[in-house]
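Each chain, letter by letter, is given below.
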Amino acid sequence: MRLDRLLVTVGLGSRTQVQRLIRSGAVAVDGQTLRDPGSQIREDAAVAVSGQAVDTRQERHILLNKPAGVLTAARDSRQETVMSLLPPAFTSLGCMPVGRLDKDTTGLLLLTTDGEMAHRLLSPARYVDKVYLAEVDGPLTAAHIEAFAAGLNLGDFVAAPAALDILESGEARALARVTVHEGRFHQVKRMFEAVGRTVLTLRRERFGPLTLPEDLTAGQWRELTGEELAEVRRAVGMEAER
Ligand code: URA
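Residues numbered from 1 in each chain as written. Predicted model: local features only at pLDDT ≥ 70, side-chain atom pairs only at ≥ 80, totals over all residues. Heavy atoms only, no water.

### Some thoughts on the sheet that holds strand β2 (residues 32-33)
Here's step 1: Spatially, β2-β1-β3-β4 is the arrangement adopted by the four strands of the open sheet, whose pairing is antiparallel. Edge strands, defined here as strands with exactly one partner in the open sheet, are β2 and β4 (52-54).
Here's step 2: One ladder, built from three bridges, connects strand β1 (residues 27-29) with strand β3 (residues 47-49); its direction is antiparallel. Bridge pairing in β3 places V29 opposite V47. (Pairing = 2+ DSSP bridges. Helix = DSSP H or I, 4+ residues; strand = E, 2+ residues; numbered from the N terminus.)

### Let's talk about the environment of A125
Here's step 1: Within the element layout of this structure, A125 appears in the loop between α4 (115-122) and β8 (130-136).
Here's step 2: Accessibility expressed as a relative area gives 63% for A125, which makes it exposed.
Here's step 3: In this structure the C-alpha to C-alpha distance between A125 and H181, which are 56 residues apart in sequence, comes to 9.4 Å. (Buried < 20%, exposed > 50% of the residue type's maximum accessible area, 1.4 Å probe, protein only.)

### With respect to the domain arrangement of the chain
When the parts of a complex come together, some accessible area is lost, and that lost area is often taken as the interface size.
Here's step 1: Once the domains are mapped, the chain shows domain 1 (3-54), domain 2 (61-124 + 210-241) and domain 3 (129-207).
Here's step 2: Measuring from the centre of the C-alpha atoms in domain 1 to the corresponding centre in domain 2 gives 28 Å. (Domains from an automatic or database assignment.)

### Concerning the site of the ligand
Here's step 1: Around the ligand lies a shell formed by L101, D102, T105, Y132, H186, Q187, V188, K189 and L202.
Here's step 2: Within the backbone of H186, a nitrogen or oxygen atom sits 3.3 Å from an oxygen atom of the ligand.
Here's step 3: With respect to the ligand, the backbone of Q187 contributes an N or O atom lying 3.4 Å from an oxygen atom.
Here's step 4: Contact with the protein chains removes 96% of the 240 Å² of surface that the ligand exposes when unbound.
Here's step 5: The element contributing the most residues to the shell around the ligand is helix α6 (residues 187-194), with three residues.
Here's step 6: Class assignment of the residues belonging to the shell around the ligand gives a composition of four nonpolar, three polar and two charged.
Here's step 7: No fewer than three residues from each of domain 2 (61-124 + 210-241) and domain 3 (129-207) sit in the shell around the ligand. (Near = heavy atom within 4 Å. Polar contact = N/O pair within 3.5 Å; in protein donor to acceptor, adjacent residues only side chain to side chain. Areas by Shrake-Rupley, 256 points an atom, 1.4 Å probe, with all protein chains shown as cover. Nonpolar A, V, L, I, M, F, W, Y, C, P; charged D, E, K, R; others polar.)

### So, the side chain of E135
Here's step 1: Residue position: E135 is located in strand β8.
Here's step 2: A distance of 2.6 Å separates polar atoms of two side chains, one belonging to E135 and the other to R173.

### Observations regarding the pattern of salt bridges
A side chain of one charge can pair with a side chain of the opposite charge if their charged atoms are brought near each other.
Here's step 1: Applying the stated criterion across every chain yields a total of 18 salt bridges.
Here's step 2: Among the salt bridges present, the one from D156 reaches R190, with a minimum N-O distance of 2.6 Å. Taken together, the positions of D156 in the loop between α5 (142-150) and β9 (163-169) and R190 in helix α6 put the pair 34 residues apart, joining distant regions of the chain.
Here's step 3: Judged by relative accessible area, D156 falls into the exposed class, the value being 58%.
Here's step 4: Put simply, D55, R57, R60 and E223 are held in one network by salt bridges that share partners. (Salt bridge = Lys/Arg side-chain N within 4 Å of Asp/Glu carboxyl O.)

### Quick look at unusual backbone geometry
In terms of backbone geometry, most residues other than glycine have negative phi values and most peptide bonds are trans.
Here's step 1: The backbone phi angle of S50 is positive, close to 50 degrees, even though this residue is not glycine.
Here's step 2: For S50, the location among the structural elements is in the loop between β3 and β4.
Here's step 3: The exposure class of S50 is exposed, given its relative accessible area of 58%.

Here you go:
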């Protein structure tokens, strides 16, 4: 890859800015200063700018604890998106959210540069489990568990059977864990509406093999560990490809 292109891709600036940087002698590759922006370099070369090592990995996989109030989108002209919570390099690398959480939903959101993996994770045929913690505005009973297990008719589609695990139930409020395989727009909220309950708060705790880490507070993110990535790839039948 061309040196200037690599530096743009990893978020060091526009093409003009990085070309200026390279010509100024600030960029070293494998310990040697390169002043030609068109220099061809290996993807695994060690790149440093002003003596600081630059992370040039092109494939990135992020686990974000999405806070309420930000949109799950790669970009939006008016509202703050989840991308604003990450360093700009992730946007220039093409890292995208896998599926969508509503603006007021919190919890586990995976973002990846791997379009094929994202596509497979979202495919209804793969039945990737998603587990949500839902707080609703009234009591939940065995009848609700049965209704979720039977598959709810939501008008434009019938939701596949889902597991409802009641954690607390009182007159004005209940807390439950819901496991769904699908990911339709407002799916969990619509399932509760169908049984006469309004969701007050919703948090995703699991997505396929990934669990929201307890030490990741709202708005924080980290890269997937090698083990987590391997599990995700295995879950979508990509394990043999690397
Ligand atoms: N179901 C919803 O209703 N909202 C979400 O954000 C995720 C699942």
